[in-house]
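Listed below are the residues making up each chain.
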Amino acid sequence: MRFRRFFAYGCLTLVTVSFCWVLALLSLPPGLAHVPPQETLTDASLESSLKSVSPLEITAKKAYQEGQLTTAIALWKNLVAIYQKAERPLEAGRIYSYLALAYQQLGQGGLAQDAIAQALVLVENHTQAQNSDQTIWAEVLNNAGTLQLAQGNAQAALASWKEASQRSTADQTLRLRSQINQGKALMALGLYPAACQHLLKTLDVPESNCQTLSIEELNQSLLALSSQSNSVLSQGWLSLAIALRNLGQWGGAQRILETLWTEASTTAEKGAIAFQLGQLFQSNQEPLIALTWYEKVGQGSPLLTVQTQLAQLTLWRSLNREKEAQQLLPVLSQNLKALPLGHEQIYAQINWYSQLIDWKQQQPNHPELPTWKEIAQSLAQLQQQARAIADQRGEIYSIGTLGQIYEQTQQWQIAQSLTKDALIQSQALNAPELTYLWQWQLARIEEQQGKRELALNSYLGAVETVKSITQDLAGNPEFRLTFQKNIDRLYRQLISLLLTPNAQNTVSQTDLQLARNQIESLQIEELNNFFRAVCLTKKTEMIENIDPDAAIIYPLILPNRLALILSLPQQPLQIFNTAITAPTLEKAIAQFRQTIVIRSRRDFYGPAKELYNALIRPLEATLKAQKQLKTLVFVPDGSLRNIPLAALYNGQQFLLEQYRIAVTPGLQLLNPTAIKWANLHTLFAGITEDNDRPGFAPLAYVNQELEAVQSQVEISPLLNQAFTPEALKQKLTYEASGIVHLATHGRFSSQLQETFVDTWTQPLNINDLAALLKVSNPTGETGLELLVLSACETAVGDQRAALGLAGMAVRSGAKSTMATLWSINDETTAQFMARFYQQLATQNVSKAEALRQAQLALLQNRWYKHPFYWAAYILVGDWL
């Protein structure tokens with residue numbers, strides 16, 4: 001029977017899979033005994049009862065929607081009895097499916113499974129036998145999908161909703177609901193791009209895709225929503241907004257949510273939309289606006305109230321608002337206890353205990369937080385609740401998190417046993433997003449017990465599992481936050497273990513090579529996470545030996561030291577360590593970045609020397625021994641990307657005066673080749689005039705910059721009103737240019753949507769610019785030699801801002817990118833550019849050497865000796 005195939009999906013979450021097959025084979029499943037009629041109906045009373053079924057159904061559904069589950073169950077039981085007595089199995093099956101939802105809400109997972117099994121048997125058998133309308137079958141399947149999603153089985157829910165959609169041709173509203181639900185299932189699986197495209201098609205948004213969706217396209221389609229006042233359609237648009245938010249398309253998501261807010265007619269609808277607007281601004285790192293929307297959620301459903309309070313707790317803690325966060329503790333604890341048992345309740349509790357654990361790790365003696373023992377007892381209870389509703393993921397989370405408690409209390413054997421249990425179950429469920437957590441946790445536990453080889457294998461397993469899920473979950477904001485909070489730490493702990501000296505106080509070449517490879521992988525994963533998509537893959541071969549004059553330096557910030565891996569041509573890797581804590585290093589980096597951009601100050605020397613001592617001093621003797629060495633290529637880590645490494649100071653000289661300096665987000669992202677300037681033709685685009693756009697200011701010295709470049713190479717200019725995306729595309733299409741030079745405002749940020757370069761009409765984000773630059777290289781065989789981004793700057797106060805610069809460099813397709821860490825907008829730019837292009841055009845030097853000579857020319861000018869003038873320029877990518 002088809003029923004067997006269908007229900008086998010749902011059985012994946014049951015402890016005993018064979019139980020489902022027993023149900024499938026019986027015409028009268030055991031669950032029937034659990035849902036008896038409230039009264040025995042006589043033939044005389046049947047006719048009267050049938051007349052009352054319609055108002056009874058309305059009353060039962062209303063009671064269910066208002067959370068009066070016991071009342072709804074009693075009414076539905078009566079309806080089942082009536083329909084069965086009247087020999088109307090389709091209607092009886094439909095009511096059984098609603099009973100299943102109510103039982104699930106009450107935490108009675110066994111009764112829910114029995115009821116949905118009976119519903120499917122009745123409906124499928126009768127529909128096939130009578131060859132009748134399949135609408136009720138579709139309705140039961142739709143409810144089955146809701147039950148499966150509530151149990152955490154999104155894959156089964158997706159299958160149910162797909163079948164429901166196919167069988168609901170006679171009921172367009174039911175068909176629409178089933179299609180919208182498919183989008184929810186895809187999002188539950190982390191497949192946000194697929195969910196978004198599916199919802200766009202379902203909602204008839206014309207000729208669009210989620211990556212290029214414009215506000216104008218949305219506005220046109222949203223007019224239909226305003227005119228129809230359709231609650232099912234509104235749910236579809238709400239789901240689309242959630243999908244767009246998860247893909248970083250915040251403008252489109254905000255437009256939809258604001259329209260839904262305006263059109264919402266009930267307090268409950270407004271509360272649900274306000275919560276999603278809070279989520280939107282929280283994702284966009286605008287916590288104060290998010291909190292304002294959370295306050296508008298009001299008295300919604302108990303679950304929505306708890307979800308809102310959990311989000312508020314996260315934000316108060318992120319803002320270091322201890323008082324507000326502490327006030328939420330007793331309220332949240334009480335509200336969580338009042339929630340009806342279900343999948344969402346289980347995950348709300350997991351969120352709650354995760355926050356408590358994180359809080360206790362930071363403040364172990366906080367008087368208002370529960371003890372480790374109390375949290376452990378609650379998690380053990382949560383495990384039983386998850387098992388009661390057949391929520392296997394919830395149960396695995398509970399077991400694994402309980403293992404984390406024992407890890408915190410250093411009860412290693414119990415921690416290891418629980419963690420292995422969670423790991424085995426997550427692997428059996430084929431849930432890699434859970435598996436990596438327990439592999440990582442097991443690695444930490446094994447490392448603490450001195451089991452290095454076991455720990456190393458567990459760490460490596462966790463990293464490989466993370467790589468396997470990046471493709472599907474890169475767009476998920478929760479995964480992005482998890483990356484910053486967890487996965488980054490996973491890589492660093494693995495690399496730290498690899499770089500820990502053995503009993504002979506050495507690190508083997510095998511471990512050094514593996515550590516270097518993991519640093520490269522971390523760089524790639526971090527950029528993929530920045531792009532919210534897997535768009536970068538590493539090359540299969542390292543290329544550090546292509547330049548015999550270059551040393552590659554990998555600095556890695558670890559909690560108690562700065563590890564430095566040095567790669568010299570044709571030599572084994574070497575490891576050096578600087579005894580400096582991460583907070584001390586971060587403080588020096590911040591001071592250096594803050595002081596060097598103020599040309600009237602000289603207090604940058606202190607942090608410049610401190611950073612030289614940390615980054616270069618340990619390597620100094622080794623570097624000086626390499627007489628041929630001329631170039632230092634850094635693969636910088638973390639906030640080291642935000643500083644001009646050329647301006648590090650040894651007390652007498654800047655690092656620039658000793659070596660060429662280049663940076664790269666990873667050697668495995670590049671394919672450097674010695675420069676062969678067959679084409680120095682430069683497409684020069686810039687802005688010198690004022691514009692009506694807010695926040696737009698002319699760049700006074702762009703004309704001088706243009707003249708300086710033009711004096712050295714042939715150019716094709718696009719200035720002011722002529723500098724539009726369309727004009728840029730035309731130039732790139734029909735004119736072969738080896739260099740693209742953009743003298744315009746721009747910003748590099750850790751946020752993809754805030755990393756852009758300006759044109760006269762609109763800003764271009766990384767993806768927009770990459771798409772335009774690809775026009776000049778459609779086959780990908782020959783890339784742009786050099787992209788120059790003049791007058792750009794890194795976002796102030798953003799420790800990860802230079803991710804945007806690295807992202808721009810690798811996504812643009814250019815072999816090299818020269819950019820500025822801060823906007824100079826000064827006549828010195830013209831002098832710098834004249835010297836830089838003159839070196840490229842006439843001296844037959846590498847890009848790194850051309851940059852160095854241009855910087856030295858300013859440094860040697862007594863008016864421009866301050867690093868403000870020359871240190872902002874950095875070369876990212878191919879330095880040859």
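Structure first, text after, so check above.
The residue numbering used here restarts from 1 in each chain and proceeds along that chain's sequence as written. With pLDDT at 70 or above as the cut-off, local features in this predicted model cover only qualifying residues; side-chain atom pairs require 80 or more to be listed or tallied, and sums for whole chains, interfaces and linings still use all residues. As a convention, hydrogens and water are excluded, and side-chain values are obtained from all of the structure's heavy atoms.

**Student:** Whenever I open this one, helix 18 (residues 322-338) confuses me. Can you help?
**Tutor:** Two residues of an α-helix separated by three or four positions point the same way, owing to the 3.6 residues in each turn. Over its 17 residues, helix 18 extends 25 Å from the first C-alpha to the last, a length consistent with the 24 Å expected when each residue adds 1.5 Å. The seven residues ending at a residue and the seven starting there each receive a fitted axis; the angle between those axes is the bend at that residue. Runs of E in the DSSP output that reach at least two residues are strands. Runs of H or I that reach at least four are helices, and both are numbered from the N terminus. Roughly 30° is the biggest bend found in helix 18, and it falls at Leu329, with proline Pro330 one to four residues downstream. Of the residues making up helix 18, those classed as buried are Ala325, Leu328, Leu329, Leu332 and Leu336. We call two residues in contact whenever any of their non-hydrogen atoms come within 4.5 Å of each other. Tucked inside the fold, the buried residues of helix 18 contact helix 17 (302-318) and helix 19 (343-362). Expected span of a helix, by definition, is 1.5 Å for each gap between consecutive residues, and there is one gap fewer than residues. Accessible area is worked out with a 1.4 Å probe on protein chains only. A residue is then buried under 20% of its type maximum, exposed over 50%, and partly exposed in between.

**Student:** Hey, could you run me through the packing of helix 21 (residues 392-408) against helix 22 (residues 412-428) in this one?
**Tutor:** For any two helices packed against each other, one specifies the inter-axial angle together with the distance between the axes. In the contact formed by helix 21 and helix 22, the axes pass within 8 Å of each other and the chain directions differ by 160°. Comparing the axis directions of helix 21 and helix 22 gives the class roughly antiparallel. As for how helix 21 packs across helix 22, the hand of that crossing is left-handed. Two secondary-structure elements touch here, helix 21 through Gln392, Ile396, Ile399, Gly400, Leu402, Gly403, Tyr406 and Glu407 and helix 22 through Trp412, Ile414, Ala415, Leu418, Thr419, Asp421, Ala422, Gln425 and Ser426. Side-chain classes follow a simple rule in which Ala, Val, Leu, Ile, Met, Phe, Trp, Tyr, Cys and Pro form the nonpolar group, Asp, Glu, Lys and Arg form the charged group, and the remainder, Gly included, forms the polar group. A class-by-class count of the residues in the contact of helix 21 with helix 22 yields 9 nonpolar, 6 polar and 2 charged. Axis definition: a line fitted to C-alpha atoms, over the contacting stretch in the case of helices. Angles run 0 to 180 degrees between N-to-C directions. Small angles under 35 degrees read as roughly parallel and large ones over 145 as roughly antiparallel, with 65 to 115 read as roughly perpendicular and the rest as oblique. By definition, turning the near helix anticlockwise from the far helix through less than a right angle yields a left-handed crossing, and turning it clockwise yields a right-handed one.

**Student:** Would you mind showing me how to read helix 11 (residues 192-202) here?
**Tutor:** If you check which residues of helix 11 are buried, you get Tyr192, Ala195, Cys196, Leu199, Leu200 and Thr202. In an axial view of helix 11, the angular spread of the buried residues amounts to 160°, which keeps them on one side of the axis. On its buried face, helix 11 sits against helix 10 (172-188) and helix 13 (231-246). Following helix 11 by one or two positions, Asp204 has its phi on the positive side, about 60°. For this quantity, the arc is that covered by the directions from the helix axis to the C-beta atoms.

**Student:** When you look at the side chain of Glu407 in this model, what are you seeing that I'm missing?
**Tutor:** Among the secondary structure elements, Glu407 is positioned in helix 21. For Glu407, the contacting residues outside a window of four places in its chain are Trp412, Ala415, Gln441, Arg444 and Ile445.

**Student:** Help me understand the nonpolar core, please; the structure alone is not making it clear to me.
**Tutor:** For soluble globular proteins, nonpolar side chains are generally found buried alongside one another. Core analysis: the largest hydrophobic core is formed by 242 residues, its most contacted members being Trp237, Leu632, Phe836 and Trp879. Look past the residues within four positions of Leu632 in its chain and what remains in contact with it is Ala551, Ile553, Leu623, Leu655, Tyr659, Arg660, Ile661 and Ala662. For this analysis, a nonpolar core means a set of buried residues of the types Ala, Val, Leu, Ile, Met, Phe, Trp, Tyr and Cys, connected via side-chain atoms within 4.5 Å. Membership of the second largest hydrophobic core comes to 38 residues, among which are Ile82, Ile136, Ala138 and Ala144.

**Student:** Where do I start with the pairing of strand 4 (residues 631-634) in this structure?
**Tutor:** Every other side chain in a regular strand lies on the same face of the sheet, so the side chains alternate between the two faces. Side chains Thr631 and Val633 of strand 4 all project onto a buried face; the interleaved residues Leu632 and Phe634 project onto the opposite face, where all are buried too. Criterion used throughout: strands pair if DSSP finds at least two bridges between them. Here strand 1 (residues 550-558) pairs with strand 4 via 4 bridges, running parallel. Within the sheet, the bridge partner assigned to Ala550 lies in strand 4 and is Thr631. Direction of pairing for strand 4 relative to strand 5 (residues 660-663): parallel, over a ladder of 4 bridges. Across the sheet, Phe634 pairs through a bridge with Val663, a residue of strand 5.

**Student:** Would you take a moment to explain the packing of aromatic side chains for this structure?
**Tutor:** Aromatic rings considered in pairs are described by the distance between their centres and by the relative angle of their planes. Put simply, two rings from Phe, Tyr or Trp (the six-membered ring, in Trp's case) pair if the centres are within 6.5 Å, and we call them stacked under 30 degrees between planes, edge-to-face over 60, tilted for the rest. The final tally for this structure, using the stated rule, is 17 aromatic pairs. Their ring planes at 25° and their centres at 5.6 Å tell us that Trp76 and Tyr98 sit as a pair that is stacked. Of this pair, Trp76 sits in helix 5 (residues 69-85) while Tyr98 is found in helix 6 (residues 89-105), placing the two residues 22 residues apart along the sequence. Overall, the relative accessible area of 1% leaves Trp76 in the buried class. With a centroid separation of 6.4 Å and 20° between ring planes, the pair formed by Trp822 and Phe868 is classed as stacked. Here Trp822 is found in the loop between strand 12 (816-820) and helix 34 (827-842), whereas its partner Phe868 is found in helix 36 (residues 867-870), with 46 residues between them in sequence. Comparing Trp822 with Phe868 shows no difference in burial state: the two are buried. The structure contains a cluster of three or more aromatic residues connected by ring pairs, namely Phe604, Tyr605, Tyr649, Phe654 and Trp870. Charge-over-ring contacts are defined here by two conditions on Lys NZ or Arg CZ: a distance within 6 Å of the ring centre and an angle within 35 degrees of the ring normal. Looking at Lys296, its charged tip hangs above the ring of Trp293, at a distance of 4.2 Å from the centre. The side chain of Arg444 reaches across the aromatic face of Trp440, ending 4.8 Å from its centre.

**Student:** Explain the pairing of strand 6 (residues 682-686) here, please?
**Tutor:** The buried fraction of strand 6 is high, at 5 of 5 residues. Residues Thr682, Phe684 and Gly686 line one face of strand 6 and the alternating positions Leu683 and Ala685 line the opposite face, and both faces are buried. Here strand 6 pairs with strand 7 (residues 715-719) via 5 bridges, running parallel. Looking at strand 7, one finds that Leu683 is bridged to Ser716. Direction of pairing for strand 6 relative to strand 8 (residues 739-748): parallel, over a ladder of 5 bridges. Bridging from a neighbouring strand, Phe684 pairs with His741 of strand 8.

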